[in-house]
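# Chains, contacts and geometry: an overview
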Amino acid sequence: MSYVLAPDLGLATFVAMVLITLAAIVYGVVRHRPRRRLPWWLWAGGTLAFAVSAVIAVVLTEVLHSDAFPSLADAVSLGAVFPLLLGGMLGLARSGARGRDWAAIIDALIFTAGAGLLAWVFLIEPNLTDATLNATQKAVSVAYPLCDVLLLAIMVHLFLQAHRTWSVALLLTSGAVMLASDVVFSLRRLDGAWNLGGLVDLGWIVFCAAGGLAALHPSMRLLTEPRVITSGELKPRRVALAVASLAAPALLLLEAIKGPVENGVVIAAGSTTLVGLSLSRVWLVSRGLRHMVVRERELRRACEALLAATHIDTVDRVVRAAVASLLRDGTAHRTVLQVRHGADGGGAAGCDTVVSMVYVDRLPAQLAAQLDGFELTLRCALSVGGHQLGALYVAADERALVELQESVRVLAGQAASMVEHINLSQEITRRNNEAYFRTLVLNATDVILIVDAEDTVTYASPSAGQLFGFADVAGRPLSELLEAPPPAGVEAVHLVRAHRGDGGEAHVEVSMRDLSDEPTVAGRVLTLHDVTERRRLEQELIDRAYVDPLTGLGNRLRFHDSVQEAIARRGDGEPDRTTVGVLLVDIDGFRTVNDTMGQQVGDALLSAFGRRLLEVCSQQETGPAAPVRVDGVARLGADEFGVLGVASSAVDFEDLARRIAGEFEAPFVVGGPSRGSVVTAKPTIGIATTLDAADAAELSGQADVALSSAKGTDRRWRRYEAGMHADTLRRMRLRADLDQGLADDAFVLHFQPIVELVSARVKGFEALVRWQHPHLGLVPPLEFIEIAEESGLIVPLGDWVMRHAIDAAVDFRALFPHDELSMSVNVSVRQFRSPGFVQRVLTALAGAGLPAEALTIEITESLLLGDDAQIHTDIATLRAAGVRISIDDFGTGYSSLSYLHAVAVDTLKLDKSFVDTIDTSDRQYDLVRGIVQLAATLELDVVAEGIETSRHVQRLAAVDCRYGQGYHFARPLPQAALVDWLLAGTAYVEPAA
């Protein structure tokens, strides 16, 4: 205002305004720190140059009173002011949104051509036709309008592309006022009416002030900030281009209306230029459409790939590949798909717009590190229905990002849709899984506990009530529930006892995981698996492994372990007891019971035998004074039992064996009392002690040797001696040679006569087998019959005896035809039960020509104890053929009278044990008389065995025992020796004539 009202102060005011403007620009640049500062420095330089030009013009006009044209002021204006202002305006117009370079240049040229055509007609042409101006003056006069046209074009470009901010408005105002003032100045100078201090000068002052204010406003930073150009921002440009393209037709129409067309050539040239530029613009558009088609194809492929994606990683790979295909070949770039996890719907990394261009260094450090090496990145929000799922970041050079912006927006939209779809699918799956696992937890037999830092249960699954026996498990201390809770920090599986509400206990396996850092848990999670039943089964398996199920005693495995433990701790606490001993107890004749009476009866006998053995060992004197401390009784297998004890000497174990043998003299009831059957099961015992053995295996082996040695004698027990090994080796050798002996026919028969006691007449013979061993000599049956039974060779051996005995009987009857001598042959249970036995006997009789009544088959009473109908049938068949049946060793092992009514037999052979004491014991005498009377009642003959004295003969004859045999008459003799004995008249027989 002071410039207009007081022209004398105008110059000072103008200079002050310029300085203030410069200061404002400098301060604004320093204060707001725009991305690109050069355009502002150029604008400041242009303002300063404008001030210098104005000062020069004032000095020339007012001080020097010079009106020269052109002057130094014109040179400064055209050489500095306009270039600097145009450069600054152009830099501000292009630095905010680079890209589309050729399109922007052509658009600017179209607008410039239109504006230039107007300037030519109204400003330039009048100066060129002014006859008063020389060539230099005309050139300078034309230069000013041209610069104005360029300034106008750049201002329009800035208006169309820049952010709508106060700084842009002030800058456009500054430029517009400058342009208007310059046009007015040019027109007035043409008319010669311009003078200092008018409105033109005021316009220049407004130009300076508006420029300074534009730099001071904070929005000045946005002029050089990168941004995305939207399709909506291109529409005003198209309108401006359309207006500029109509400049030539409008001028032509205007001149045609006013009169003759004076600038037809210029208008034609301008029209040609505009048409050419428009065609170029169309070509650029078509090229852009081709690029768009290519990008749409790539986007379509990417969309198809996204539709098949089932995981975020797949979406990430597809998006990366799509971005690479959308960019020009060889374009350096980096792509990051940031998908946020959560349900609050917030943006990712501060994403607040759909598409934006941001600086990489202003992103979070982790994200910026992935985009390192680039200044700018295109950020596209992944948004579906207003719900932001993350963002897509593409870092590259600015031009590539501008070209990519529309395609990335589409790609990001498709990626967002698939991410949302995948998230929804995962959420549905998660909820289904949660429901599934919730159902599992609520119905699982395993107990789940959550324990806080004070070891208090904060949660218990429903199955906890069933395990602990009370419902209110939550809130209880863990120590109240578990005997030894697992320590914190240890995640191994522990086996502990759980306390039940009823006072009982349960065995549980506890596994623990520390989830104290998980906000939804905030504690340790204990999983309890009830293994009570499993532990019971395990103990049952252990019992089965160590306990004999039939007798309830320990088995061989437990016995062996007990022997080892006893040897290891002998003398501990009892220094007087340092000898460990093992007694192996075997049941004599158990195989016969099992074969004849059945397995059920055999099992019952084993159980009863085991109970009695345990009772005998338990009933002995206990305490420190006990000779033997029994540490275990076990069944070792089949009919073999073991007794483990500790004593001060080996003699104590012999006393224990003697006691055991004595306790088993009493028979066992077999099949229940109602059947009246009893079985005498006598033990044979082998003893071994640590005096001769160093370990459990050696101790058991020596006891077995002693047992084998005892079986070969009449003694009920034997203690191991070093010499017993020879007996064992002999037994093993006999077992190995027995089969070969049968093949070599190495067996012979000896015969013992059976004599009628009253008349002393020989009535027959009993055939007894002997083994003529090639190296051991004559082996008695006591040594190999049991071996033959065990090996199964008793059947072929018995058949051999049967054939040769029948042949011998034929010979005896031929020598003594008047005596009708008979032959008795012992048949074992196994031989009698063998298939075809009866037929083999009858065949042998027929083949030898021996009458069947001359053969007596001696069987043990154990064969008759079972309910085997086949046995009864075979006996009946033999008797029907004439063969006589005799019960051998009657009254020894299986004294049962019931079978005598069920099975028809012919003879009872009284065992030697009844005869031995008949002359010294009245009780034994009465017992024998009762048996003989019973036999008479049943119409059975009686043959007494083991007669050794004449007193035996008298006593037996006195009770009406008809027959006998024994050493009193003759020992078993070979056939030839027996014939000699008979012919010598020792016994009464009548030889053939």
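Residues numbered from 1 in each chain as written. Predicted model: local features only at pLDDT ≥ 70, side-chain atom pairs only at ≥ 80, totals over all residues. Heavy atoms only, no water.

For the protein, an unreviewed UniProt entry supplies the name EAL domain-containing protein and the organism Dactylosporangium aurantiacum.

## Things to note about the overall build of the protein
Secondary structure assignment for the protein yields 33 helices and 26 strands. Here the protein holds 993 residues, and the buried ones make up 46% of them. For the protein, restricting intrachain contacts to residue pairs at least 6 apart in sequence, the fraction spanning at least 24 positions comes to 66%. Just so you have it, the protein exposes about 47,100 Å², and 57% of that area is on carbon and sulfur atoms. (Helix = DSSP H or I, 4+ residues; strand = E, 2+ residues; numbered from the N terminus. Buried < 20%, exposed > 50% of the residue type's maximum accessible area, 1.4 Å probe, protein only. Contact = heavy atoms within 4.5 Å. Areas by Shrake-Rupley, 256 points an atom, 1.4 Å probe, with all protein chains shown as cover.)

## What to know about helix α22 (residues 696-711)
With 16 residues, α22 should reach 22 Å at 1.5 Å per residue; the first-to-last C-alpha distance of 23 Å fits that figure. Three or more residues of α22 are buried, namely Ala696, Leu699, Gln702, Ala703, Val705, Ala706, Leu707, Ser709 and Ala710. With a side-chain oxygen lying 3.4 Å from the backbone nitrogen of Ala697, the N-terminal cap of α22 falls on Asp695. (Expected span 1.5 Å × (residues − 1). Polar contact = N/O pair within 3.5 Å; in protein donor to acceptor, adjacent residues only side chain to side chain.)

## Thoughts on the sheet that holds strand β5 (residues 447-451)
A sheet is described by the order of its strands in space; here 5 strands give the open sequence β6-β5-β9-β8-β7, paired in antiparallel fashion. In this open sheet, the two edge strands, each paired with only one partner strand, are β6 (457-460) and β7 (494-499). Each adjacent strand pair in this sheet contributes to an overall mean axis angle of 35°, direction not counted. Both β5 and β6 contribute to a ladder of 3 bridges, which runs antiparallel. Along β6, the bridge assignment pairs Val451 with Val457. Packing against the sheet, helix α17 (residues 532-546) makes contact with β7, β8 (505-515) and β9 (523-530), and its axis sits at approximately 125° to β8. (Pairing = 2+ DSSP bridges. Axes fitted to C-alpha atoms, helices over the stretch in contact; angles between N-to-C directions.)

## With respect to the pairing of strand β3 (residues 376-384)
One face of the sheet, then the other: side chains in a regular strand alternate in exactly this way. Among the 9 residues of β3, 7 are classified as buried, and the element is accordingly described as predominantly covered. Inspection of the sheet shows strand β2 (residues 355-359) paired to β3 by 5 bridges, in the antiparallel sense. Looking at β3, one finds that Ser356 is bridged to Arg379. Sheet analysis places β3 next to strand β4 (residues 387-395), joined by 8 bridges and oriented antiparallel. If you follow Val384 over to β4, its bridge partner there is His387. Between β3 and β4, which pair antiparallel and follow one another directly, the connecting turn spans 2 residues, one of which, Gly385, has a positive phi of 60°.

## Notes on the packing of aromatic side chains
Applying the stated criterion across every chain, the model contains 12 aromatic pairs. Between Phe747 and Phe784 the ring centres are 5.6 Å apart and the planes differ by 55°, which places this aromatic pair in the tilted class. One end of the pair, Phe747, is in strand β17 (residues 747-756); the other, Phe784, is in helix α24 (residues 781-791), and 37 residues separate them in sequence. With respect to class, Phe747 is no different from Phe784; both count as buried. (Phe/Tyr/Trp six-rings, centres within 6.5 Å; stacked < 30°, edge-to-face > 60°.)

## A short note on the side chain of Arg476
Turning to its location among the elements, Arg476 is positioned in the loop between α15 (463-468) and α16 (478-481). A polar contact of 2.4 Å, which involves the side chain of Arg476, links it to the side chain of Glu480. When neighbours within four sequence positions are excluded, Arg476 is seen to be in contact with Asp455, Thr456, Val457, Phe470 and Leu481.

## Let's talk about the pattern of salt bridges
Taken as a whole and assessed by the stated rule, the structure comprises 33 salt bridges. Put simply, Lys682 and Glu665 hold a salt bridge, and the shortest N to O gap is 3.8 Å. Taken together, the positions of Lys682 in the loop between β14 (678-679) and β15 (683-689) and Glu665 in the loop between α21 (650-663) and β13 (668-669) put the pair 17 residues apart, joining distant regions of the chain. Between Arg955 and Asp922 there is a salt bridge whose closest N-O contact spans 3.9 Å. Note that Arg955 is positioned in helix α32 (residues 950-958) and Asp922 in helix α31 (residues 922-937), a separation of 33 residues in sequence. Looking at Arg955, the relative accessible area reads 15%, which means it is buried. A network of salt bridges, in which partner residues are shared, links Glu509, Arg534, Arg535 and Glu538. (Salt bridge = Lys/Arg side-chain N within 4 Å of Asp/Glu carboxyl O.)

## Considering the sheet that holds strand β11 (residues 628-637)
Taken together, the 5 strands give an open sheet; going across it, the order is β11-β12-β10-β15-β16, and neighbouring strands pair in mixed fashion. For this open sheet the edge positions go to β11 and β16 (717-719), each flanked by a neighbour on one side alone. Pairwise comparison of adjacent strand axes, ignoring direction, gives a mean angle of 20° for this sheet. Here 3 bridges tie β15 to β16, and the two strands are oriented parallel to one another. Counted as the bridge partner of Ile685 is Trp717 from β16. The strands that helix α20 (residues 599-619) touches are β10 (579-587), β11, β12 (640-647) and β15; relative to β12, the one it contacts most, it runs at about 10°. Of the strands in this sheet, β10, β11, β12, β15 and β16 touch α21, which is tilted by about 170° from β15.

## Points about the UniProt feature "transmembrane region" (unreviewed entry) in the protein
Under the UniProt annotation, the feature "transmembrane region" (unreviewed entry) is placed at residues 12-30, 42-60, 72-92, 104-122, 167-187 and 193-218. Within residues 42-60, the helical portion is 100% and the strand portion 0%, while the C-alpha atoms at the span's ends are 27 Å from each other. Helix makes up 100% of residues 72-92 and strand makes up 0%, while its end C-alpha atoms are separated by 29 Å. (UniProt positions renumbered as here; feature names shortened; annotations may be inferred.)

## Considerations on the confidence of the model for the protein
Here the protein shows a mean pLDDT of 79. Residues at 70 or above account for 80%. Within the protein, strand β20 (residues 822-826) carries the highest mean pLDDT (95), whereas helix α1 (residues 2-5) carries the lowest (48). Under a pLDDT of 50 for its full length, residues 1-6 has, in the predicted model, 11 contacts with residues more than four places off or in other chains. When the criterion is pLDDT under 50, residues 343-353 qualifies, and its contacts beyond four places in sequence or with other chains add up to 24 contacts. (pLDDT = per-residue confidence, 0-100.)

## Regarding unusual backbone geometry
Backbone geometry places Arg33, a non-glycine residue, at a positive phi of 50°. Along the chain, Arg33 falls in the loop between α2 (10-32) and α3 (38-63). The class for Arg33 is exposed, based on a relative accessible area of 55%. Here Ala638, not a glycine, exhibits a phi torsion of approximately 50°, which is positive. Mapping Ala638 onto the fold places it in the loop between β11 and β12.

## Brief notes about the packing of helix α18 (residues 556-569) against α22
Packing of α18 against α22 leaves a shortest axis separation of 9 Å and a crossing angle of 115°. Classified by chirality, the crossing of α22 by α18 is right-handed. Every residue of α22 that contacts α18 at His560, Val563, Gln564 and Ile567 is listed here: Ala696, Ala697 and Leu699. For the contact of α18 with α22, the per-class residue count stands at 5 nonpolar, 2 polar and no charged. (Left-handed = near helix turned anticlockwise from the far one by under 90°. Nonpolar A, V, L, I, M, F, W, Y, C, P; charged D, E, K, R; others polar.)

## A short note on a nonpolar patch on the surface
A cluster of nonpolar side chains, Val26, Val30, Leu38 and Trp41, forms an exposed patch at the surface whose accessible area comes to about 370 Å². Contributing elements (two or more residues each) for the nonpolar patch: α2 and α3. Relative to the elements of secondary structure, Val26 occurs in helix α2. (Patch = residues over 30% accessible without salt bridge, like charges linked within 9 Å, V, L, I, M, F, W, Y side chains within 5 Å.)

## Considering the nonpolar core
Residues Met823 and Ile857 are the most contacted members of the largest nonpolar core, which totals 83 residues. Looking at which element gives the most residues to this core, the answer is helix α25 (residues 794-815), with 11 residues. Here Ile857 is in contact with Met802, Val825, Val827, Phe837, Val841, Leu878, Val883, Arg884, Ile885 and Ser886, once residues within four sequence places are set aside. In this structure, Ala44, Phe69, Cys147 and Leu158 belong to the second largest nonpolar core, which totals 43 residues. (Core = buried A, V, L, I, M, F, W, Y, C linked by side-chain atoms within 4.5 Å.)

## Comments concerning the pairing of β7
Direction of pairing for β7 relative to β8: antiparallel, over a ladder of 6 bridges. Paired with Leu495 across the bridge in β8 is Glu509. Hairpin connection, β7 to β8: the antiparallel pair is bridged by 5 residues, and Gly503 has positive phi, about 90°.

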